[in-house]
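# Secondary and tertiary structure notes
Spelled out from the first residue to the last, the chains are:
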Amino acid sequence: QVQLVESGGGLVQAGGSLRLSCAASKSIFSINTMGWFRQAPGKQRDMVAGIASTGNTNYADSVKGRFTISRDNAKNTVYLQMNSLKPEDTAVYYCNAYNMGYNFWGQGTQVTVSS
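Since the model is a prediction, treat every value here as computed from it, not as a measurement.

Definitions and limits used
- Residues numbered from 1 in each chain as written.
- Predicted model: local features only at pLDDT ≥ 70, side-chain atom pairs only at ≥ 80, totals over all residues.
- Heavy atoms only, no water.
- Disulfide = S-S within 2.5 Å.
- Helix = DSSP H or I, 4+ residues; strand = E, 2+ residues; numbered from the N terminus.
- Buried < 20%, exposed > 50% of the residue type's maximum accessible area, 1.4 Å probe, protein only.
- Pairing = 2+ DSSP bridges.
- Axes fitted to C-alpha atoms, helices over the stretch in contact; angles between N-to-C directions.
- Contact = heavy atoms within 4.5 Å.
- 1 Å grid on protein atoms, 1.4 Å probe; cavity = no way out; pocket = protein on both sides within 12 Å on 5 of 7 lines; lining within 4 Å.
- Points joined across faces, edges and corners; volume = space filled by probe spheres on them.
- Nonpolar A, V, L, I, M, F, W, Y, C, P; charged D, E, K, R; others polar.

### Focus on the state of the cysteines
Taken as a whole, this structure holds 1 disulfide when the rule is applied. Note that Cys22 is cross-linked by a disulfide to Cys95, the S-S spacing being 2.0 Å. Note on the Cys22 and Cys95 pair: the S-S dihedral is about -80°, so by sign convention the disulfide is left-handed. In this pair, Cys22 is assigned in strand β3 (residues 18–24) and Cys95 in strand β9 (residues 91–99), connecting sequence segments 73 residues apart. No difference in accessibility class separates Cys22 from Cys95, as the two residues are buried.

### Overview of the sheet that holds β3
The 4 strands lie next to each other as β1-β3-β8-β7, forming an open sheet whose pairing is antiparallel. Two strands close off the open sheet at either side, each with one partner strand: β1 (4–7) and β7 (67–72). On average, adjacent strands in this sheet sit at an angle of 15° to one another, irrespective of strand direction. Relative to strand β8 (residues 77–82), β3 is paired through 6 bridges, and the arrangement is antiparallel. Directly across from Leu20, in β8, lies its bridge partner Leu80.

### Focus: the side chain of Asn76
Along the chain, Asn76 falls in the loop between β7 and β8. The buried category is assigned to Asn76, whose relative accessible area is 18%. Not counting chain neighbours up to four residues away, the residues in contact with Asn76 comprise Cys22, Ala23, Ala24, Lys26, Ser27 and Ile28.

### As for the layout of surface pockets
Estimated volume of the largest pocket: approximately 180 Å³. Lining the largest pocket are 14 residues, with Arg38, Ala40, Lys43, Asp46 and Glu88 positioned closest to its centre. Contributing elements (two or more residues each) for the lining of the largest pocket: β4 (33–39) and β5 (46–52). For the lining of the largest pocket, the element with the highest residue contribution is β5, accounting for 3 residues. In terms of residue class, the lining of the largest pocket is built from 6 nonpolar, 4 polar and 4 charged.

Structure below.
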């Protein structure tokens, strides 16, 4: 079991930047994959970015080149740096930990991008 707490969301103008943080309640060193998902009103929850314990990363096509995921194992924290934000990035962003067949979720943080 691992608890995840997101922070860093807010309101930003199009073209701006935000950095989301996800603090875990235990070591993330051996967790298979840490990731960020987002869910806009009336839409399904979609993967935004993921980072494996090996450091390998993957991104949704819609955010490639604009978002960067990273992990600091010493701080048990995962980050999502979001640049060149667009109104269509508006959503609740959720941190996810996937390990040995189990998924754990944070409570989400709202990101709103105004045009």
